[in-house]
Amino acid sequence: MAVGVWEANLESISIEMTGDASFTAEQWNNTYSQGVVNQVVTIGKQLSLKYTIPPVRLTTEQILDGKTKGFCTHADITAAYKVKGGHTDPGPNAPVQTILDRIKG
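Reference entry: report on the structure contained in this document. (Residues numbered from 1 in each chain as written. Predicted model: local features only at pLDDT ≥ 70, side-chain atom pairs only at ≥ 80, totals over all residues. Heavy atoms only, no water.)

Of note, Asp89 is situated in the loop between α5 (74-81) and α6 (96-104). Here the alpha-carbon distance between Asp89 and Lys45, two residues 44 residues apart in the chain, equals 21 Å. With residues near it in sequence (within four places) discarded, Asp89 still touches Ala21, Thr73, His74 and Ala75. Of the polar contacts made by the side chain of Asp89, one reaches the side chain of His74; its length is 2.8 Å. (Helix = DSSP H or I, 4+ residues; strand = E, 2+ residues; numbered from the N terminus. Contact = heavy atoms within 4.5 Å. Polar contact = N/O pair within 3.5 Å; in protein donor to acceptor, adjacent residues only side chain to side chain.)

Structure below.
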């Protein structure tokens, strides 16, 4: 399984977010985290346009097919490749759909 994750890393563009998987919705909504979200939206828009990446969240099947373009999280990759002890970030309270909606414009 680790090989699949490694291949996914080679075939992806990563945007690192400052935050923690344990953050509450309130913590994601504080001034600092909103600044992080704003930067992710800006970078996401640029990458979406440059590489024709639709601002949609990939399903497990789409992650594994290696062809479908879109966005996913570390947690999505961990779930798709069934990595024990893998990443769980950005966590269930991260505003992922809000970020994607803002990338759409």
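Keep in mind that most residues, glycine aside, have a negative phi and that most peptide bonds are trans. Looking along the chain, the bond that leaves Asp89 and enters Pro90 is cis, with omega of 10°. For Pro90, the position within the fold is in the loop between α5 and α6. One non-glycine residue with positive phi stands out, namely Lys82, at about 50°. Looking at the secondary structure, you find Lys82 in the loop between α5 and α6. Judged by its relative accessible area of 64%, Lys82 falls in the exposed class. (Buried < 20%, exposed > 50% of the residue type's maximum accessible area, 1.4 Å probe, protein only.)

As a further point, take the side chain of Ser48. With respect to the helices, strands and loops of the structure, Ser48 is situated in helix α3 (residues 31-51). Side-chain polar atoms of Ser48 contact the backbone oxygen of Ile53, separated by 2.4 Å. Excluding residues within four positions of it along the chain, Ser48 makes contact with Ile53, Pro55 and Ile103.

Over its 21 residues, α3 extends 30 Å from the first C-alpha to the last, a length consistent with the 30 Å expected when each residue adds 1.5 Å. The complete set of buried residues in α3 reads Ser33, Val36, Val37, Val40, Val41, Gly44, Leu47 and Ser48. Seen end-on, α3 carries its buried residues on one side only, within an arc spanning 145°. Turned more than 90 degrees from where α3 packs its buried face, Thr31, Tyr32, Gln39, Gln46, Leu49 and Lys50 sit exposed. Tucked into the core, α3 has its buried residues touching α2 (25-28) and α6. Of the residues flanking the end of α3, it is Thr52, one or two places downstream, whose phi is positive at about 50°. (Expected span 1.5 Å × (residues − 1). Arc of directions from axis to C-beta.)

As far as function goes, none of this settles anything; it's purely spatial.
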